[in-house]
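# Inside the fold
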Amino acid sequence: MTPSVLALIGATIVFSSFLSGVFGMAGGMVLLGVLLNYFDVATGMILFSIIQLFANGWRVVQWRRYVLWPIFGWYVLGAVLSFGFMWMIAFVPDKAIVYLALGLMPFVVEALPASMRPNIEWRGVPFVTGVVTTVIQILAGVGGLFLDIFFQKSMLDRKTTNATKAVTQSFSHIVRALYFGSLSGVGDVPFKAIRPAILLAIAGTSLAPFVIERMTDHGFRQWTRAIIFAVSAVYLVRAAWLFWHG
C-alpha cells in the first residue's frame, strides 16, 4: 500500500474509534467501509474485528462501572448459539451485499414502529439480542446500529448504554473474527500493521469521554441519528456502484 493509503486508513481508525467511543456506534460503519476498499471481505472483517475489539475494549475499561453485566451474560449465551448455527452454514457475503446491508439497515430500523422495538431491560430480550445481532454482525459486518434497537426504549442513560453496548460489541468482534478466520484463514491479514492500528484505535477512543461528559442525552441521540443516516446514504451509493459494475 502507498503511504497515502496507509495515512487514510490510520486517520479513519482514529476517527471511527472516536465516533464509536462517543455514540456507541457509527464508527464501525465508517471503518469497515474504508477497509473493504482495500481488502477482500474475509480479510477486511478479521482486521476490522481486531481493531474494533481493542477500541470497544478500551471503552469497557473507561466506563466499566456503568456496565450491566447480567445483560452481557445473556447476550453472550445467545451469541454463542447463533455463532454455531452460522458456522454450520458457512456463508461469506461479497462486498456489494455488505455495503447494501450497511446502507439499508438504518432505514429498516427507522421503519419499525416504536411499539415493535423491544426493551433490553425486559426478561429474555438480552438473549434474543445476542442471537439476532450476531447474525447481523456476520452478514453486514456491523451490528451496533441493530443492537441499538434494543436500547431505544430503555430508561438507561448515555453512559450505561455506551458501556453495556461496548462490552457486548467487544464479544461480538471476537465472534466475527473467529467466524471469518475459521472459514477463510488469516493468511492475508497484515499482522505487522495490527499493533499500530490498535494504538490508533485506543487513542481515538480515549478522546471520547471529553465529549460525552459535555453532551446531553438528547444531543447524544440527535447526533447519533444524523451521522448514521449520512454514512448509510454513502454506502447505498457504493453498493449500487458495485452491483452496476458487477
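The notes below deal with the structure included here. (Residues numbered from 1 in each chain as written. Predicted model: local features only at pLDDT ≥ 70, side-chain atom pairs only at ≥ 80, totals over all residues. Heavy atoms only, no water.)

### A word on the overall build of the protein
In terms of helices and strands, the protein carries 10 helices and 0 strands. Listing every helix and strand of the protein by position from the N terminus yields α-α-α-α-α-α-α-α-α-α. Computed over C-alpha atoms, the radius of gyration of the protein comes to 17 Å, within 12% of the 18 Å expected from 2.2 N^0.38 for 246 residues, which places it in the range of a compact globule. Here the C-alpha coordinates of the protein stretch approximately 45 × 40 × 30 Å along the principal axes. Within the protein, buried positions represent 51% of all 246 residues. Taking as baseline every contact in the protein between residues at least 6 positions apart, the subset at least 24 positions apart corresponds to 86%. (Helix = DSSP H or I, 4+ residues; strand = E, 2+ residues; numbered from the N terminus. Rg over C-alpha atoms; globule rule 2.2 N^0.38 Å. Buried < 20%, exposed > 50% of the residue type's maximum accessible area, 1.4 Å probe, protein only. Contact = heavy atoms within 4.5 Å.)

### A short note on the nonpolar core
Within soluble globular proteins, side chains that are nonpolar generally end up buried alongside one another. Counting residues in each nonpolar core, the largest one holds 70 residues, and the members touching the most others are L32 and F180. Residues within four places of L32 in sequence aside, it is in contact with G44, M45, F48, V98, L102, A140, G141 and V142. (Core = buried A, V, L, I, M, F, W, Y, C linked by side-chain atoms within 4.5 Å.)

### A word on a nonpolar patch on the surface
Where nonpolar side chains cluster on the molecular surface, the patch consists of F85, W87, M88, I89, F91, V92, I97, L100, L104, V108, L183 and F243 and spans about 1100 Å² of accessible area. Those elements that place two or more of their residues in the nonpolar patch are α4 (69–89) and α5 (95–111). For L100, the position within the fold is in helix α5. Its relative accessible area of 31% is what places L100 among the partly exposed residues. (Patch = residues over 30% accessible without salt bridge, like charges linked within 9 Å, V, L, I, M, F, W, Y side chains within 5 Å. Areas by Shrake-Rupley, 256 points an atom, 1.4 Å probe, with all protein chains shown as cover. Salt bridge = Lys/Arg side-chain N within 4 Å of Asp/Glu carboxyl O.)

### Comments concerning the packing of aromatic side chains
Throughout the structure, instances matching the rule amount to 6 aromatic pairs. Relative to Y66, the ring of W63 lies with its centre 5.9 Å away and its plane at 55°, an arrangement referred to as tilted. Overall, W63 belongs to the buried group, its relative accessible area being 4%. Both rings, one in F83 and one in Y179, keep their centres 6.4 Å apart while their planes meet at 80°; by these two values the pair is edge-to-face. Taken as a pair, F83 in helix α4 and Y179 in helix α8 (residues 158–184) lie far apart in primary sequence, 96 residues in all. Note on Y179: relative accessible area 0%, which makes it buried. One aromatic cluster is present, formed by W69, F72 and F171 through successive ring pairs. (Phe/Tyr/Trp six-rings, centres within 6.5 Å; stacked < 30°, edge-to-face > 60°.)

### Structural notes on unusual backbone geometry
The backbone of A90 shows a phi angle near 55°, a positive value even though the residue is not glycine. Locating A90 in the fold gives a position in the loop between α4 and α5.

### What about helix α2 (residues 27–35)?
Most of α2 sits inside the fold, with 9 of its 9 residues counted as buried. Looking at the packing, one finds that the buried side of α2 touches α1 (3–23), α3 (41–63), α5, α6 (125–140) and α10 (217–244).

### Digging into the packing of α2 against α5
Interaxial distance between α2 and α5 falls to 11 Å at its minimum, and their mutual angle equals 160°. Judged on the interaxial angle alone, α5 and α2 are roughly antiparallel. The two elements α2 and α5 cross, and the hand of that crossing is left-handed. Here α2 contributes M29, L32 and G33 to the contact with α5, which in turn contributes V98, Y99, L102 and P106. (Axes fitted to C-alpha atoms, helices over the stretch in contact; angles between N-to-C directions. Parallel < 35°, antiparallel > 145°, perpendicular 65-115°, else oblique. Left-handed = near helix turned anticlockwise from the far one by under 90°.)

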